[in-house]
Amino acid sequence: NAALLKSIANGDWQTYSLLVDDRITCFEPEACGKLVKGKLFHKHYFELDKSSEQIQRNETICDEAIRIMGDTALVTYVRLIQSGFKTISAEETRVWRRAPHANSQSTAIGKW
């Protein structure tokens, strides 16, 4: 555990990545109370350039649920948006329909 905490404190992604399973799950304050799966959410913080004025951004999808009803699908999820050291969450719903002779198309969006 000490080596893991040291890798976090030092911003050492290589060591952190070796010590953490690719399928890690977590609840953390930065995740706004949502279950985060995998290491990419965490990698954002390792890649922040603290000396840069440019704000780096990352997005993670959590709690995704899909329900297919004929040619229509309802997709609900929470999108965690990381901007620098700030994270916000957005609960979203999308309705997709299979279009004839084309790829599926999003037909409605809801955000809470």
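Here is what the cut-offs are and how they apply
- Residues numbered from 1 in each chain as written.
- Predicted model: local features only at pLDDT ≥ 70, side-chain atom pairs only at ≥ 80, totals over all residues.
- Heavy atoms only, no water.
- Phe/Tyr/Trp six-rings, centres within 6.5 Å; stacked < 30°, edge-to-face > 60°.
- Helix = DSSP H or I, 4+ residues; strand = E, 2+ residues; numbered from the N terminus.
- Buried < 20%, exposed > 50% of the residue type's maximum accessible area, 1.4 Å probe, protein only.
- Contact = heavy atoms within 4.5 Å.
- Salt bridge = Lys/Arg side-chain N within 4 Å of Asp/Glu carboxyl O.

**Let's talk about the packing of aromatic side chains**
Two aromatic rings are characterised by how far apart their centres lie and by the angle between their planes.
Part 1: Taken as a whole, this structure holds five aromatic pairs when the rule is applied.
Part 2: For the pair Trp13 and Phe46, a centre-to-centre distance of 5.2 Å together with 65° between the ring planes defines the contact as edge-to-face. Of the two residues, Trp13 is situated in helix α2 (residues 13-19) and Phe46 in helix α3 (residues 40-47); the sequence distance between them amounts to 33 residues.
Part 3: We classify Phe46 as buried; its relative accessible area is 17%.
Part 4: Aromatic side chains Tyr16 and Phe46 sit 4.8 Å apart centroid to centroid with 45° between the ring planes, which places their arrangement in the tilted category. One end of the pair, Tyr16, is in helix α2; the other, Phe46, is in helix α3, with 30 residues separating them in the sequence.
Part 5: An aromatic cluster of at least three residues, connected via ring pairs, comprises Trp13, Tyr16 and Phe46.

**A few points about the environment of Asp12**
Part 1: Mapped onto the elements, Asp12 comes out in the loop between α1 (2-10) and α2.
Part 2: Assessed through its relative accessible area of 29%, Asp12 is described here as partly exposed.
Part 3: In this structure the C-alpha to C-alpha distance between Asp12 and Phe46, which are 34 residues apart in sequence, comes to 7.2 Å.
Part 4: Leaving out residues up to four positions away in the same chain, Asp12 has contacts with Ser7 and Phe46.

**What to know about the pattern of salt bridges**
Opposite charge on two side chains lets them pair, provided their charged atoms get close.
Part 1: Enumeration over the complete set of coordinates arrives at six salt bridges.
Part 2: Here Arg23 and Asp21 are joined by a salt bridge, their closest N and O atoms 3.2 Å apart.
Part 3: Note on Arg23: relative accessible area 67%, which makes it exposed.
Part 4: The exposure class assigned to Asp21 is partly exposed, which follows from its relative accessible area of 41%.
Part 5: Beyond isolated ion pairs, a larger network of salt bridges with shared partners links Arg57, Glu59, Arg79 and Glu92.

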